[in-house]
Amino acid sequence: MGTTTAPAGEVTVDVLFVGAGPVGLFGAYYAGFRGLTTALVDPLPEAGGQVQAIYPEKNIYDIAGLPAVQGQQLIRNLLEQAKPFGPRFLLSQQASDIREVADGWRVTTSSGVVVNTRAVIVTSGVGSVTPRPLPAGEELLGRGLCYFVPQLEVFDGKDVVVVGGGDSALDWALAAVPRARSVTLVHRRKQFRAHEHSVAQVKDSPCHLVLDATVTAVRGNDSVESVDVTVRGEDGARELKAQVVVAALGFLMDLGPIAGWGLEMEGRAIRVDTRMRTNLPRVYAAGDAATFPGKVKLIAVGFGEVALAVNNAAVELNPDATLAPGHSSDLVPASEPLAPEGNSAQPRSKEVAGWRS
Ligand SMILES: Cc1cc2nc3c(=O)[nH]c(=O)nc-3n(C[C@H](O)[C@H](O)[C@H](O)COP(=O)(O)OP(=O)(O)OC[C@H]3O[C@@H](n4cnc5c(N)ncnc54)[C@H](O)[C@@H]3O)c2cc1C
């Protein structure tokens, strides 16, 4: 995704984002816009959080101004938006330890990098995300059995079995239908836990449904060749031909070290006030990591929350700063050509690094 991992050592910034998901990335843009230096730490090898790790190929339809955007494209856009401000990426390492110091926080990552930061914004989502494993076929993982599909081409001309009954399972099945030779959806219940629209689409599609059923074996030598499916009330197992098995059984979420930082939690999320402040000084939270009455976990909501967190942090770090950031439309990023002379869209002011007037 075009990000670089900083070498071990010590990093000093104004704001550290704990988590480089979509919300942390938009925060990095926003903090840059407010003239603050940033770093983002994330245990995944690339930025993008759940979007990049779980559904890079899926279309997202509820981002303001983007009628449809593929997950990985949204992340590319967010990286590009933040780039002029030069955020430091500390990838493949998690924020492990946090200690209050005179002018902020000293955060140590699992790779031993020390980040001296004036404020922390926790954008860690629901923590580290690992797929719930299929209880069969682990030895064929990566050889036909997968938990998510990085490239839809893997479905081309194949017999595909999707296991699960949630939105992801139905989405993968629908994505496979136009490409695969056959698609079978195996679900352990008769009812799906997915959007009605997706359920209706799957029922209308050539996808074959095997309900009240579990996958009890995944067979193959070098790669997947078939699966055994046991249907409740039937004697013996059905053998289904398959070269691709997508186990979409949900994800196990682990808050990890953040749970021990002394943050006030509500369930698995961090309680914040209307300024996105946590109970710890100069520690904010936004996105899926944060909760408050009426919270909705959506990217669109997280973008707003992180803008609030950054603007409030900007004032806390510099009491002379105003809470309202001004309008980004008054500025032009350094990478964008200036509008032709006489054009009323000419930028009017120069306020922050990475932008020019
Ligand atoms: C299949 C699926 C489809 C979805 N579709 C939509 C949709 O259409 N529209 C929509 O609005 N939302 C959708 N969502 C939800 C959306 O992806 C989340 O709301 C969004 O990703 C939250 O962004 P975030 O940046 O807050 O958290 P995340 O995306 O979860 O990113 C958090 C990052 O923090 C990192 N992290 C965790 N612990 C630490 C630590 N200790 N130190 C450092 N980093 C850490 C994680 O590795 C992760 O990269 C979907 C989710 C799924 C699973």
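Conventions adopted
Residues numbered from 1 in each chain as written. Predicted model: local features only at pLDDT ≥ 70, side-chain atom pairs only at ≥ 80, totals over all residues. UniProt positions renumbered as here; feature names shortened; annotations may be inferred. Helix = DSSP H or I, 4+ residues; strand = E, 2+ residues; numbered from the N terminus. Axes fitted to C-alpha atoms, helices over the stretch in contact; angles between N-to-C directions. Parallel < 35°, antiparallel > 145°, perpendicular 65-115°, else oblique. Left-handed = near helix turned anticlockwise from the far one by under 90°. Contact = placed C-beta atoms within 7 Å. Near = placed C-beta within 6 Å. Nonpolar A, V, L, I, M, F, W, Y, C, P; charged D, E, K, R; others polar. Core = buried A, V, L, I, M, F, W, Y, C linked by C-beta atoms within 7 Å. Buried ≥ 20, exposed ≤ 12 C-beta atoms within 10 Å, placed from the backbone. Expected span 1.5 Å × (residues − 1).

Caption draft 1: Region of interest: the UniProt feature "domain: FAD/NAD(P)-binding" (unreviewed entry) in the protein chain. Here, the residues flagged by UniProt with the feature "domain: FAD/NAD(P)-binding" (unreviewed entry) are residues 14-298. The span residues 14-298 carries 17% helix and 35% strand; its end-to-end C-alpha distance comes to 27 Å.

Caption draft 2: Focus on the packing of helix α1 (residues 22-33) against helix α3 (residues 71-82). Contact pair α1 / α3: the axes reach a minimum separation of 8 Å and the direction vectors enclose 20°. Overall, the two elements α1 and α3 adopt an arrangement that is roughly parallel. As for how α1 packs across α3, the hand of that crossing is left-handed. Counting all contacts with α1, which are made through Pro22, Leu25, Phe26, Ala28, Tyr29 and Gly32, the residues of α3 involved are Leu74, Ile75, Leu78, Leu79, Gln81 and Ala82.

Caption draft 3: Region of the structure containing the site of the ligand. Surveying the vicinity of the ligand reveals 38 residues, the closest of which are Gly19, Gly21, Gly49, Gly125 and Gly287. Elements with a contribution of two residues or more to the shell around the ligand: α1, β2 (38-42), α2 (49-54) and α6 (299-317). The dominant element in the shell around the ligand, judged by the number of residues it contributes, is α2, at four residues. In terms of residue class, the shell around the ligand is built from 19 nonpolar, 15 polar and four charged.

Caption draft 4: A look at the nonpolar core. Leu16, Val120, Ile121, Ala286 and Val306 are the most contacted members of the largest nonpolar core, which has 62 residues in total. Setting aside residues up to four positions removed in sequence, valine 306 forms contacts with Val23, Phe26, Gly27, Tyr30, Ile121, Thr123, Ala286 and Gly287. Grouped together as the second largest cluster of nonpolar side chains are 37 residues, Trp172, Ala175, Val227 and Ala247 included.

Caption draft 5: Focus on α1. The end-to-end C-alpha separation of α1 is 17 Å, in line with the 16 Å expected for 12 residues at 1.5 Å each. Here α1 has its buried residues at Pro22, Val23, Gly24, Leu25, Phe26, Gly27, Ala28, Tyr29, Tyr30, Ala31, Gly32 and Phe33.

Caption draft 6: Expanded view of the packing of α1 against α6. One can describe the packing of α1 onto α6 by two numbers: an axis separation of 9 Å at closest approach and a directional angle of 35°. Handedness of the α1/α6 crossing: right-handed. On α6, the residues touching Pro22, Val23, Phe26, Gly27, Tyr30 and Ala31 of α1 are Ile299, Gly302, Phe303, Val306, Ala307, Ala309 and Val310. Considered class by class, the residues forming the contact of α1 with α6 number 11 nonpolar, two polar and no charged.

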